[in-house]
Structure formats: structure tokens, C-alpha cells
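These are the residues of each chain, in order.
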Amino acid sequence: MNHAQQGPAARQSAMAEQVLADGSATAAELAERFGVSLMTIHRDLDELERQGIVRKFRGGVTAQPSGVFESNVQYRLKTMRAEKAAVAERALRMVEPGMAIMLDDSTSTLEIARRLRLGEVTPLTVVTNFLEAINMLSDQRGIHLMALGGDYDPLHSSFLGVSCVEAIGQLRVDVCFASTSAVHGGYAYHQEQHIVSVKRAMLDASARNVLLIDHTKLARVALHRVVPLSRFDLLLVDDGASAEALRDLDEHKVTYEVCAKPPTATKGSDDRAGAT
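Colleague: Before we go on, may I ask you to explain the overall build of the chain in this structure?
Modeller: Counting secondary structure elements, the chain contains 11 helices and 15 strands. Classification of the 276 residues of the chain by burial places 55% in the buried group. Partitioning the intrachain contacts of the chain with sequence separation of at least 6 by distance along the chain shows that 67% fall at a separation of at least 24. Accessible surface computed for the chain: about 12,300 Å², of which carbon and sulfur atoms make up 50%.

As C-alpha cells, then:
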């Protein structure tokens, strides 16, 4: 179909798909590809920004995160996959039959859920507010799935808000696996306050807390401090972490482990940064 003949909704959907796949694009590139004027492109991008799918910058648009902007979940699902797999493999070794664990709404912890589908660690109770994880585990025998309710946020594909925080407060789990957008100077950070409140509640509801991050999140900050890194019993990061970033963790007495990516994954790893 000729893009120029598409209606605005269909064009914006195709445009979002391209930007999520490529990470960013200029308005001129999009105008040429979709065969419409720059004015039309900017209207489309304004709408996509309003929906929280992208953020505009001078001359273009990006799906990549910033200190105040968290990436759309569809973008985060595609980034740093080998790195997330490496830390998830290590995290899974901490899960034993009979445990109750909590997973936040990060695509890093989703890799744990993906491995739990193999059914090798059962019986198990899994508590999560992440719709992606709920869908992944809903038909898994041997797993008692507890879905945390709240206000559905399509940007994060998760349930948030006061009711979610209150539901978490009624529980006590063995281990909480979580991720954040940035780690620096002894603190974990995230761009959005309503995400921060849910993560803090999850950490309060768990006997042990484990932070999963890919190396691009080290030495970065975002708008809101989540918690000091001392709130985590263990930080797991992939082997792309620089010596300087690891020294910062050492200086703040953070307990961490570096997780090696599989050799076959190292070359083809997606190098786009910063998605939880």
C-alpha cells in the first residue's frame, strides 16, 4: 500500500514501528519514506509523543531513553537481549522450588520469566505487575501466578498506581528481581515517579532483593532516585561493564557479579542502550 494514501492512524502505526525498530529517525527521512509533507510528519510525531511512544528532538524523533523519558516497552523488548539473558541466567540460579518470587515490569526480569517457562523450577509462586510476564506464565503448570492489579499503563505494559502499591504491601516474598534505568554514585534511578513508588514497594515486600542491569545503565542517572544500591543484596551486570563503572560499584561497597554473555551472543548483541 502507498504510505501517502494511508490514513493518519495507520501511518502513525507504521511510523512508530519503524522508529521502535531503528531507535531514531529524522523528520526528513520519515517524510520521504511516507510520502507526506514535513508538516504532516510533525503532526504525526506530536501524536506519537503524546502517546509516550517516542520523544521529539530538533529535526527528528527517538525511541531511546533519556534522563526523563523511559522507552516504550516494545523498544525495550528488542534491546540488549544477550546482556539481559546473561544476567537472567545467573538470577535463575537463585530460584529454588517452593519459593515465592516477585518480578517487576522490566524486560530484564522478563528474561527470568522466559526461562521459568521451561518448568525446571517448580512448584513456584510468581508475583508480578508486568502484563508481558503474566501472559508468558499464565498457562505454566507448577507455577502459582499472582497478578498485581492497578491502573494499566500501555507504555510499560504493566499495572501501576496506588492500588498496585497497596496490593504489594499485603505480600511477603523470598526474592524480588528488579531493574532500573540508571545506576550511579551508589544509587539506582528511574525516569518516572509512579514507577519508582511501585519498585520501592516491591523491595519492601521481599526478604532479598536482586538488581538486574545491562552495562549501559552504569554511570548514568535519571530524574528520580529509586533507592540506594545498599537496598539490594546483589547486583548482576553483564560483562560489557567497563572497569571504571565497576570501580564506582566497588567504591560504594556494592555486592555485584559480572555475568558472561554466551560466546555466540557476544558478536550479535544489540548495542542500543539503557532499556530496563
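So much for the structure itself; the text now carries on.
Colleague: Honestly, the nonpolar core in this entry has me stumped. Any pointers?
Modeller: Nonpolar side chains tend to gather and get buried jointly when the protein is soluble and globular. If you look at the biggest cluster of nonpolar residues, it comprises 33 residues, and the most contacted ones within it are Met102, Ile168, Leu218, Leu229, Leu235 and Leu249. Mapped by element, the contributors of at least two residues to this core are β4 (100-103), α8 (162-169), β9 (173-178), α9 (193-204), β12 (206-213), β13 (224-228), β14 (234-238) and α10 (243-251). In terms of residues, this core owes the most to one element, α9, which gives six residues. Non-local contacts of leucine 229, meaning those with residues more than four positions away in its chain, are made with Val183, Gly186, Tyr187, Ala188, Leu211, Leu235, Leu249 and Val254.

Colleague: In this structure, what is going on with the sheet that holds strand β5 (residues 124-128)? I would like to understand it.
Modeller: Two modes of strand pairing occur in sheets, parallel and antiparallel, and in both the strands are linked by backbone hydrogen bonds. Here seven strands make up an open sheet; going across it, the order is β6-β5-β4-β9-β12-β14-β15 and the pairing parallel. Here the strands that pair on one side only, and so sit at the sheet edges, are β6 (143-147) and β15 (256-259). Averaged over neighbouring strand pairs, the angle between their axes works out to 20 degrees when direction is ignored. Examined bridge by bridge, β9 and β12 share five bridges and lie parallel to one another. Along β12, the bridge assignment pairs valine 175 with arginine 208. Here α10 sits on the sheet in contact with β14 and β15, set at roughly 160 degrees to β15.

Colleague: What is the right way to read the packing of helix α5 (residues 81-92) against helix α6 (residues 107-116) from this model?
Modeller: Describing two packed helices takes the angle between their axes plus the distance from one axis to the other. The geometry of α5 relative to α6 is characterised by a closest axis approach of 8 Å and an angle of 55 degrees between their N-to-C directions. Taken together, the axes of α5 and α6 lie oblique to each other. In the crossing of α5 with α6, the sense of the turn from one axis to the other is right-handed. Residues Lys84, Ala85, Ala88, Glu89, Ala91 and Leu92 of α5 lie in contact with α6, whose contacting residues are Thr107, Ser108, Glu111, Ile112, Arg115 and Leu116. A per-class count over the contact of α5 with α6 returns six nonpolar, two polar and four charged.

Colleague: Help me understand the pattern of salt bridges, please; the structure alone is not making it clear to me.
Modeller: Any two side chains of opposite charge can pair, so long as their charged atoms come close to each other. Following the criterion strictly, the structure yields 11 salt bridges and no others. With its nearest N and O atoms 2.7 Å apart, the salt bridge here joins glutamate 257 to arginine 90. Taken together, the residues glutamate 257 in strand β15 and arginine 90 in helix α5 connect sequence positions 167 residues apart. By sharing partners, the salt bridges in this structure join Glu89, Glu111, Arg114 and Arg115 into a single network.

Colleague: Which parts of the structure should I look at to understand the packing of helix α2 (residues 27-34) against helix α3 (residues 38-50)?
Modeller: One way to put it is that α2 packs onto α3 with a least axis distance of 9 Å and a crossing angle of 110 degrees. As judged from the angle between their axes, α2 and α3 are roughly perpendicular. Contact with α2, carried on its side by Ala27, Ala28, Leu30 and Ala31, involves Leu38, Ile41, His42 and Leu45 of α3 and no other residues of that element. In the contact of α2 with α3, the residues fall into seven nonpolar, one polar and no charged.

Colleague: Is there a simple way to explain the environment of proline 228 in this structure?
Modeller: Mapped onto the elements of the fold, proline 228 is located in strand β13. Residue class for proline 228 comes out partly exposed when judged on its relative accessible area of 32%. Between the C-alpha atoms of proline 228 and glycine 186, which are 42 residues apart in sequence, the distance is 5.9 Å. If sequence neighbours within four positions are ignored, proline 228 has contacts with Gly186 and Tyr187.

Colleague: I keep staring at the sheet that holds strand β1 (residues 24-26) and nothing clicks. Help me out?
Modeller: Read from one edge of the open sheet, three strands run β1-β3-β2, paired in antiparallel fashion. Single-partner strands in this sheet number two, and they are β1 and β2 (55-57). If you compare each strand with its neighbour and ignore which way they point, the axes differ by 20 degrees on average. Of the strands in this sheet, β1 and β3 (60-62) are in contact with α2, which crosses β1 at around 80 degrees.

Colleague: What exactly am I supposed to notice about the pairing of β4 here?
Modeller: Remember that side chains alternate between the two faces of the sheet whenever the strand is regular. The two faces of β4 match: Ala100 and Met102 on one face and Ile101 and Leu103 on the other face are all buried. Sheet topology places β4 next to β5; four bridges connect them, and they run parallel. In the sheet register, alanine 100 faces β5, and the bridge partner there is threonine 125. Each parallel crossover has a hand, and for β4 linked through α6 to β5 it is right-handed. Both β4 and β9 contribute to a ladder of three bridges, which runs parallel. By the bridge assignment for β9, methionine 102 is matched with cysteine 176.

Conventions adopted
Residues numbered from 1 in each chain as written. Predicted model: local features only at pLDDT ≥ 70, side-chain atom pairs only at ≥ 80, totals over all residues. Heavy atoms only, no water. Helix = DSSP H or I, 4+ residues; strand = E, 2+ residues; numbered from the N terminus. Buried < 20%, exposed > 50% of the residue type's maximum accessible area, 1.4 Å probe, protein only. Contact = heavy atoms within 4.5 Å. Areas by Shrake-Rupley, 256 points an atom, 1.4 Å probe, with all protein chains shown as cover. Core = buried A, V, L, I, M, F, W, Y, C linked by side-chain atoms within 4.5 Å. Pairing = 2+ DSSP bridges. Axes fitted to C-alpha atoms, helices over the stretch in contact; angles between N-to-C directions. Parallel < 35°, antiparallel > 145°, perpendicular 65-115°, else oblique. Left-handed = near helix turned anticlockwise from the far one by under 90°. Nonpolar A, V, L, I, M, F, W, Y, C, P; charged D, E, K, R; others polar. Salt bridge = Lys/Arg side-chain N within 4 Å of Asp/Glu carboxyl O. Right-handed = clockwise from strand over helix to strand, strands pointing away.

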